[in-house]
Amino acid sequence: MKKKSVYLDYNATTPLHPRVKEEMIAGFELYANPSSLHEPARRARNQIERVRQLVASFLDASPEEIIFTGGGSESNNTVLKMLSCPGCTVDCMWREGQEIITTAIEHPSVINTVQYLQSIGRTVHVLPVDRYGTVDMDAFRAVLSERTGLVSVMLANNEIGTIEDVKSIAALAHERGALVHTDAVQAIGRIPVSVKNLDVDYLSFSGHKFYGPKGVGVLYGRLTKPFCTFIHGGHQEQGRRAGTTNTLGIIGLGKALELVREEMGETMARVRVLRDKLKEGITRLVPDVKLNGHPADCLPNTLNVSFTGAEGEAILLYLDLEGIAVSTGSACSSGSLEPSHVLLATGVGPELAHGSIRFSLGRETTDEEIDYVLAVVPGVIERVRKMSTVYSRSCT
Amino acid sequence: MSDFDWVYTEKVKDHFINPRNVMEDEGAFAPDGRGVVGNIKCGDQMLMAIKVKDDTITDCKWKTYGCASAIASTSMLSEMVKGMSLEKAYSIKPPDIVKELGALPEHKIHCSVLGDRALRAAIEDYYTKSGQEDKILREKAVVVCQCMNVTDKDIERAVRDGAHTFEELQYRTKISTVCGQCRGKAEELLHEYVHLFGD
């Protein structure tokens, strides 16, 4: 079998769409500082404002509600750290005694930020999830109160693909007067996202998960809701985010979002078929596997599988030798001794969490590639299991 | 392929791709001594089995639930000990394995700890079965960390080898990395041994 190069790590990041690349190459000419007054600056500024309108219309928001940031982590930090603000303006989010509610399966840029908030004395409630990774609504109702300041729940999980019912969460939170944030980094480009429909007050996303460039992201902030600046400095983004505007990144993000509008329906329909083929193939060809994530409410491109008795980093590196790029929830890949917090939260034991592999597909994934992966994976798993102290099949 | 293409050295990679002496059928191997250490919770467990003749290891086979470094370092170790006297094999330490492999990424060195510990357990198993318990050095050792089976003698050895802080001790022995209940006792012993043997 001829070795191929198969990239199945689209949830980590995506390659630039060729048309995004073209647009960005042209964008290199727009070197002027968009905050300046002269003609070259106005040309750059026009492009930025064009993208701002495009992002707004994509999200069902208005352009003044769109802030360009350095990425998803910055957008998440900006929202969450409004709760550590000691009172910057009359609009400041922080009120004495306010609490934060989030979930056990958030991205590290949320989890570690709320841990920081906890360390400076804020009260944080972390919601458990069920075996599919869906947020426990009863637990949410139990901790939701007049004291709740902010609720932050991701729209779709990066590791297992489970889609959360952010709309219902927002409705409940708003009844109590709480603000609602959603980390939509994995959702944009994979499922439809509308701030009107979700009724959230803040939403974060990043350019590089949908074939745009890295280092640029968006924070949606509802006009009528509080906003505390995270990066202080110049007056860029109406004083809400200082730093010379990333013209090139914004142009790339805009083009990528335009292409999401054109191509998402077709791409995701095709990707879903391939993902389902991969899922069916692995469960048929490899014994003793466990599928992680929600069977229906799941991103169409994500497949997370635990292989009993096989350690994830070893699987990942053997697949890598065959040209297949995936990721794992094993502790060994993270440099800590703890395996994936997401899988542990779904109740998967440490062994299955260490033995988990995430396949995430994208627009360039082909049927031929899935055939190749299905030809390689069973042999790799068998090989790792043969060496394993904890895997012995009674029938062999 | 350049070093940048692989996080491990060529030798580690070679042992990972072609692991030596993996035990496929323990019944057929019929070991004279076997030892299992590690904990699946931490993501790695190791089994080592030896055949012995005239106080020399004539064959060695192993199995692991572990990462690439654990696979490579144990494969390396299994080659090292063939033909080696039990006495010498009994004193092998992780740095000896890492030295043979060339290098391991910094955060992966703890992965090679399990191999030598499983080997010692296998040798002790052999000593016990052959009525040579007197040769077991750790006979009087007291287990401090139940999860990782680390004894007071292991802590002493780690301190003698240069561990002076709790982090350094964990790095060498993996002590208190699972449930953490032994941390107080471990720190007490560390303090004591650093006082005795530290410079």
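Quick notes on the rules
Residues numbered from 1 in each chain as written. Chains lettered and ligands numbered in written order. Predicted model: local features only at pLDDT ≥ 70, side-chain atom pairs only at ≥ 80, totals over all residues. Pairing = 2+ DSSP bridges. Helix = DSSP H or I, 4+ residues; strand = E, 2+ residues; numbered from the N terminus. Axes fitted to C-alpha atoms, helices over the stretch in contact; angles between N-to-C directions. Contact = placed C-beta atoms within 7 Å. Parallel < 35°, antiparallel > 145°, perpendicular 65-115°, else oblique. Left-handed = near helix turned anticlockwise from the far one by under 90°. Nonpolar A, V, L, I, M, F, W, Y, C, P; charged D, E, K, R; others polar. Buried ≥ 20, exposed ≤ 12 C-beta atoms within 10 Å, placed from the backbone. Arc of directions from axis to C-beta. Core = buried A, V, L, I, M, F, W, Y, C linked by C-beta atoms within 7 Å. Domains from an automatic or database assignment.

Remarks on the sheet that holds strand β7 (residues 202-206) of chain A
Residue and element names in this part refer to chain A. Taken together, the seven strands give an open sheet; going across it, the order is β2-β8-β7-β6-β5-β3-β4, and neighbouring strands pair in mixed fashion. The two strands at the open ends of the sheet, each matched to only one other strand, are β2 (66-69) and β4 (123-127). Within this sheet the neighbouring strands show an average axis-to-axis angle of 20°, counted without direction. As paired elements, strand β6 (residues 179-183) and β7 share three bridges and run parallel to each other. Bridge pairing in β7 links threonine 182 to leucine 203. Here helix α4 (residues 108-119) sits on the sheet in contact with β3 (99-103), β4, β5 (148-152) and β6, set at roughly 155° to β3.

A short note on the packing of helix α1 (residues 18-27) of chain A against helix α8 (residues 247-285) of chain A
Residues and elements named next belong to chain A. As a packed pair, α1 and α8 sit with axes 9 Å apart at the nearest point and diverge in direction by 150°. When the interaxial angle is binned, α1 and α8 end up roughly antiparallel. Of the two possible hands of crossing, α1 and α8 adopt the one that is right-handed. Between α1, through Arg19, Val20, Glu23, Met24 and Gly27, and α8, the contact on the second element is made entirely by Thr247, Leu248, Ile251, Gly252, Lys255, Ala256 and Leu259. Taken together, the residues of the contact of α1 with α8 sort by class into six nonpolar, three polar and three charged.

So, unusual backbone geometry
One non-glycine residue, aspartate 288 of chain A, adopts positive backbone phi at about 55°. Mapped onto the fold, aspartate 288 of chain A is located in the loop between α8 and β9 (289-292). Judged by local crowding, aspartate 288 of chain A falls into the partly exposed class, with 14 C-beta atoms found within 10 Å. Not every positive phi belongs to a glycine, and asparagine 21 of chain B is a case in point at roughly 60°. Note that asparagine 21 of chain B resides in the loop between α1 (10-17) and α2 (26-29). Assessed through the 18 C-beta atoms surrounding it within 10 Å, asparagine 21 of chain B is described here as partly exposed.

With respect to α1 of chain A
Owing to its 3.6 residues per turn, the α-helix brings residues three or four apart onto one side. Residues and elements named next belong to chain A. When we look at burial in α1, the residues that qualify are Val20, Glu23, Met24 and Gly27. Down the axis of α1, the smallest arc covering the buried residues is 100°, so these residues share one side. Among the exposed residues of α1, those pointing more than 90 degrees away from its buried face are Pro18, Glu22, Ile25 and Ala26. Residues of α1 that are buried in the fold lie against α8.

Examining the pairing of β7 of chain A
Residues and elements named next belong to chain A. Across the five residues that make up β7, a large majority, five, are buried. Residues Tyr202, Ser204 and Ser206 of β7 are buried on one face, and the alternating residues Leu203 and Phe205, pointing to the opposite face, are buried as well. Looking at chain direction, β7 and strand β8 (residues 217-221) are connected through five bridges and run antiparallel. Considered in β8, the bridge of tyrosine 202 is made with glycine 221.

Here we look at the nonpolar core
Judged by nonpolar contacts, the single largest core of 77 residues is most densely connected at Ile169 and Tyr220 of chain A. Element by element, the count of residues in this core is highest for α8 of chain A, at eight residues. Composition of this core by domain shows at least three residues from each of domain 1 (6-14 + 264-386) and domain 2 (18-259) of chain A. Once you skip the residues sitting within four places of it in the chain, isoleucine 169 of chain A turns out to touch Val135, Phe140, Val151, Val153 and Val180 of chain A. In this structure, Val6, Leu319 and Tyr372 of chain A together with Trp62 of chain B belong to the second largest nonpolar core, which totals 71 residues.

Some words on the interface of chain A and chain B
With 20 residues of chain A in contact, the opposing surface of chain B contributes 22 residues. Secondary-structure elements contributing two or more residues to the side of chain A that touches chain B are α9 (312-321), α10 (331-334) and α12 (350-354) of chain A. Broken down by element, the side of chain A that touches chain B gets its largest block of residues, four residues, from α9 of chain A. When its residues are assigned to classes, the side of chain A that touches chain B shows ten nonpolar, six polar and four charged.

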